[in-house]
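Close look at the chain arrangement
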Amino acid sequence: MDLPDFIKSFPALDVPFPEDVVSSYAVQSDRGLVVFFDFKKDMVLPPHSHLAQWGTVLSGEIEFTIGGETRTMGPGAIYDIPANVEHGAVIKAGTKVIDVFEEPFRYPLRGK
């Protein structure tokens, strides 16, 4: 599955991961942040926490640990991470997700 060109034209985020590992395409408002992530290589997301996050897996596979519970999620899976709950993941290359963050400025737009 490939993301449409109009989504790929959304601004990238300034995330702490190399661009050859993950690409991001974001829509930001004063109420939240919607991000399309495209993982090009396997990646380990260390445990961390922040305000609420909701997401869905479009393709690929994520082994998510949320609040101490680990689940493997594939296409169509939905995750809902409450505010301040520790979570981390092992993400396989080829995975694409949509994440919605409660924090509008969780990550700054690149170049801003």
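Residues numbered from 1 in each chain as written. Predicted model: local features only at pLDDT ≥ 70, side-chain atom pairs only at ≥ 80, totals over all residues. Heavy atoms only, no water.

Secondary structure assignment for the chain yields 1 helix and 9 strands. The secondary structure elements of the chain, listed N-terminal to C-terminal, are α-β-β-β-β-β-β-β-β-β. At 13 Å, the chain has a C-alpha radius of gyration in line with the 13 Å of a compact globule built from 112 residues. Seen through its C-alpha atoms, the chain measures out along the principal axes to roughly 35 × 30 × 25 Å. By the burial criterion, 41% of the 112 residues in the chain qualify as buried. For the chain, restricting intrachain contacts to residue pairs at least 6 apart in sequence, the fraction spanning at least 24 positions comes to 62%. The chain carries 10 positive and 16 negative side-chain charges, and their two centres are separated by 4 Å. (Helix = DSSP H or I, 4+ residues; strand = E, 2+ residues; numbered from the N terminus. Rg over C-alpha atoms; globule rule 2.2 N^0.38 Å. Buried < 20%, exposed > 50% of the residue type's maximum accessible area, 1.4 Å probe, protein only. Contact = heavy atoms within 4.5 Å. Lys, Arg positive; Asp, Glu negative; His and termini not counted. Charge placed at Lys NZ, Arg CZ, Asp CG, Glu CD.)

With that settled, the discussion passes to the sheet that holds strand β2 (residues 33-39). Two strands in a sheet stick together by hydrogen bonds in their backbones, pointing the same way (parallel) or opposite ways (antiparallel). Strand order in the open sheet formed by 5 strands is β1-β2-β9-β4-β7, with antiparallel pairing between adjacent strands. Lying at the two open borders of the sheet, with one neighbouring strand each, are β1 (22-28) and β7 (78-81). Looking at each pair of strands side by side, their axes are set apart by 20° on average, direction ignored. Examined bridge by bridge, strand β4 (residues 53-59) and β7 share 4 bridges and lie antiparallel to one another. For Gly55, the partnering residue across the bridge sits in β7 and is Tyr79. (Pairing = 2+ DSSP bridges. Axes fitted to C-alpha atoms, helices over the stretch in contact; angles between N-to-C directions.)

Backbone geometry at Asn84 places phi at a positive 65°, although glycine is not the residue there. Within the secondary structure, Asn84 sits in the loop between β7 and β8 (87-91).

Before going further, it helps to examine the pattern of salt bridges. Enumeration according to the criterion identifies 5 salt bridges in this entry. One salt bridge in this structure joins Asp20 and Lys41, with 2.8 Å as the shortest N-O distance. Of this pair, Asp20 sits in the loop between α1 (5-8) and β1 while Lys41 sits in the loop between β2 and β3 (43-48); the two residues are 21 residues apart in sequence, bridging distant segments of the chain. Of the charged contacts in the structure, one is a salt bridge between Asp38 and Lys96, with a shortest N-O distance of 3.6 Å. (Salt bridge = Lys/Arg side-chain N within 4 Å of Asp/Glu carboxyl O.)

Strand order in the open sheet formed by 4 strands is β3-β8-β5-β6, and the pairing between neighbours is antiparallel. Two strands bound the open sheet, and with one partner strand each, they are β3 and β6 (69-73). Ignoring strand direction, the axes of neighbouring strands in this sheet form an average angle of 15°. In the sheet, strand β5 (residues 62-66) pairs with β8 via 5 bridges, with the strands oriented antiparallel. Across the sheet, the residue bridging to Ile62 is Ile91, located in β8.

Honestly, it's all geometry; don't read function into it.
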